[in-house]
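# Secondary and tertiary structure notes
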Amino acid sequence: MTLRFADPAHLPPGSPDGAVGAPQFEDPTQPPGWNKGIDAYKAAFGEEAWATYGKASYPRPLPEDSPAMRAALAELVDAARVAFGSKALRIRRRATHTAGIMARGKITVVSQPAFPEHPFFTPGRTFPCRLRHANASFYDDAAAVVRGCSLKFADSDFQSPLDMAMNSGPIGAFWNLESFMYFVNARVNVNPQEGDWESQREWMLKRPMGLIGTISSARIGPSSFAEINYYTKVVFRFEAKDGEPRYVKFRVRPVGLETESGLLPYENQIAAWDQSRAADDKRPLDYLRQEFRRRVYRSPGKPGVEYTLQMQLRDADPANDTQELLNMNQLWDQATWPWLDVAHIQLDEVFPDEVTRKTRVWLGHQPEGLSLIGALSPLDYRSLAYARAFVYPASQLSRALGTELEPPPPLGHDPWKIND
Ligand code: HEM
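Treat the numbers as computed from the prediction; the structure is a model and nothing was measured.

## Examining the overall build of the protein chain
- Counting its regular elements, the protein chain contains 10 helices and 12 strands.
- Taken over C-alpha atoms, the radius of gyration comes to 20 Å for the protein chain, in line with the 22 Å a tight globule of 420 residues would show.
- Across its three principal axes, the protein chain shows a C-alpha extent of roughly 55 × 55 × 45 Å.
- In the protein chain, which comprises 420 residues, the proportion classed as buried is 44%.
- Of all intrachain contacts in the protein chain linking residues separated by at least 6 positions in sequence, the fraction that spans at least 24 positions is 80%.

And the structure:
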């Protein structure tokens, strides 16, 4: 396994003002102004809490590169490997994004790309693919959780020229490895069976972007996995044939989607730590997985589900770029850097659970012309993608080992099963 990491550039830190924001984001598939962000935080915790914690989310100033910071990054990556590896060994399934469904299909690169000539995304090129949707946490499809979409540019359990792992929402509840581990700690300390969400409430109080990012990314009781948009969020290097340095993010959008499903209503935004399903939602625990299966097969002989893969491409501007361009919660202005179509995805066959369980998505699968970017500290925004390149294999090795000893039982009927 080789890992393609571009050298982390020593970009200057962004603004020293750590002000948090609910990025304004225009998306024709979302009603304008639905995401109340900062207002929801103030309604939940009060003006005084906002005055105390409003600037407490992002690390400002970002630390200088140093051996101590690099060591701290290595230690936290190891801690994450152990945490996710041991959980995967215990449950013999993915340590997160456990409940899901995967389909086979085809990816076709657009015939007239609006992006510069690229060695991998060449016009009309086709790939077989596997695409898996999942709930990022919990087993209840109706709960208020982040939804995932992983995409393998091959119909293979592992080998692939390119893998992508995306989640719902243009921004999320964490922005570097340190904030991710803070979020994980809050998540594993909830006790939803008892209605106890306190650890998540406290985390959102102290990290307002935890609440604001959750509002942006969680989807409650959506009608379909195929009525949600999914974003890589993290930034990759894009190396076109012209050799100009560029950055890129990707997203997947359902073809023809009019309104994204599952956006949190205001009453959920002001209590976003509580991930319970709506009280009047009586659908079964796995209704989304059942719906997706039906959708893939709904028109015999035709692809049941179709998506467009898009990219947002940005020229490197060394004189003006700061670390903030790598902060997944600072959206790139769409007027300056529009979303460009990359490929069409069609899905026509659902895999059985055994194949889905064996499939391993890995961020180290980057083709010529794309790469991960190295990271310098656990606070570095790039540490998210960097850590995942090492952590996913730990979960995957453990779940394979566990399954070798004894295949996992069915997921069961406990909607909150996460901490087992
Ligand atoms: C923007 C940030 C992230 C996104 C979009 C994301 C997305 C995803 C998706 C879609 C999956 C499901 C993969 C599949 O279907 O097989 C997944 C799995 C997983 N994620 Fe992440 N993730 C993010 C951050 C992280 C971080 C920071 C860590 C830990 C350091 C992490 C650890 C894991 C693990 C352990 C799995 C299970 C891997 C396996 O067993 O195959 N994720 N993630």
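## What to know about the nonpolar core
- By size, the foremost hydrophobic cluster in this structure holds 99 residues, and its most contacted members are L131 and I345.
- The dominant element in this core, judged by the number of residues it contributes, is helix 10 (residues 383-405), at 7 residues.

## Comments concerning unusual backbone geometry
- Even without glycine at this site, H97 takes up a positive phi of about 50 degrees.
- The residue H97 is located in the loop between helix 3 (67-91) and strand 2 (100-109) in this model.

## Some details on the site of the ligand
- What surrounds the ligand is a group of 29 residues, the closest being F84, H97, G148, S150 and S395.
- Going through the elements one at a time, helix 3, strand 3 (126-135), strand 4 (144-152), strand 5 (163-168) and helix 10 are the ones with two or more residues in the shell around the ligand.
- Broken down by element, the residue count for the shell around the ligand peaks at 8 residues, all from helix 10.
- The residue inventory of the shell around the ligand, partitioned by class, reads 14 nonpolar, 9 polar and 6 charged.

## Side note on the pairing of strand 9 (residues 245-254)
- Of all 10 residues in strand 9, 7 are buried, a share of seventy percent or more.
- Two strands pair when backbone bridges link them, and strand 7 (residues 230-231) and strand 9 are joined in this way by 2 bridges, in the antiparallel orientation. Residue pairing in the sheet places Y230 in a bridge with V252 of strand 9.
- Sheet analysis places strand 8 (residues 236-239) next to strand 9, joined by 4 bridges and oriented antiparallel. In the strand pairing of strand 9, E239 is matched with P245.
- Hairpin geometry of strand 8 and strand 9 is characterised by an intervening segment of 5 residues between the two adjacent antiparallel strands and by a positive phi of about 75 degrees at G243.
- The sheet contact formed by strand 9 and strand 10 (residues 305-315) spans 9 bridges and is antiparallel. If you follow F250 over to strand 10, its bridge partner there is M311.

## Observations concerning helix 8 (residues 287-296)
- Three or more residues of helix 8 are buried, namely L288, F292 and V296. The buried residues of helix 8 occupy an angular sector of 70 degrees when the element is viewed end-on, so they sit on one face.
- Looking at the buried residues of helix 8, the elements they touch are strand 2, strand 3, strand 10 and strand 11 (339-350).

## Quick notes on the packing of helix 1 (residues 37-45) against helix 6 (residues 208-217)
- Viewed as axis vectors pointing N to C, helix 1 and helix 6 meet at an angle of 125 degrees, and their least axial separation amounts to 9 Å. Taken together, the axes of helix 1 and helix 6 are oblique relative to one another. In this structure, the crossing between helix 1 and helix 6 has a hand that is right-handed. For the pair helix 1 and helix 6, the contacting residues are G37, I38, A40, Y41 and A44 in the first and P208, L211, I212 and I215 in the second.
- Here the contact of helix 1 with helix 6 is composed, by residue class, of 8 nonpolar, 1 polar and no charged.

## Focus: helix 1
- Those residues of helix 1 not exposed but buried are G37, A40 and Y41. The buried residues of helix 1 all sit within an arc of 105 degrees when viewed along its axis, so they share a single face.
- Looking at the buried positions of helix 1, the neighbouring elements they touch are helix 2 (47-53), helix 6 and helix 7 (266-269).

## Brief notes about the packing of helix 3 against helix 10
- Where helix 3 contacts helix 10, the two axes come as close as 8 Å, and the packing angle between them is 30 degrees. Taken together, the axis directions place helix 3 and helix 10 in an arrangement best described as roughly parallel. By crossing handedness, the relation of helix 3 to helix 10 is classed as right-handed. Counting all contacts with helix 3, which are made through L73, V77, A80, R81, F84, G85, A88 and L89, the residues of helix 10 involved are S383, A387, F390, V391, A394, S395, S398, R399, L401 and G402.
- Class assignment for the residues of the contact of helix 3 with helix 10 results in 11 nonpolar, 5 polar and 2 charged.

Scoring rules and cut-offs
Residues numbered from 1 in each chain as written. Predicted model: local features only at pLDDT ≥ 70, side-chain atom pairs only at ≥ 80, totals over all residues. Helix = DSSP H or I, 4+ residues; strand = E, 2+ residues; numbered from the N terminus. Rg over C-alpha atoms; globule rule 2.2 N^0.38 Å. Buried ≥ 20, exposed ≤ 12 C-beta atoms within 10 Å, placed from the backbone. Contact = placed C-beta atoms within 7 Å. Core = buried A, V, L, I, M, F, W, Y, C linked by C-beta atoms within 7 Å. Near = placed C-beta within 6 Å. Nonpolar A, V, L, I, M, F, W, Y, C, P; charged D, E, K, R; others polar. Pairing = 2+ DSSP bridges. Arc of directions from axis to C-beta. Axes fitted to C-alpha atoms, helices over the stretch in contact; angles between N-to-C directions. Parallel < 35°, antiparallel > 145°, perpendicular 65-115°, else oblique. Left-handed = near helix turned anticlockwise from the far one by under 90°.

Without other data, these values stay purely geometric and don't point to any function.
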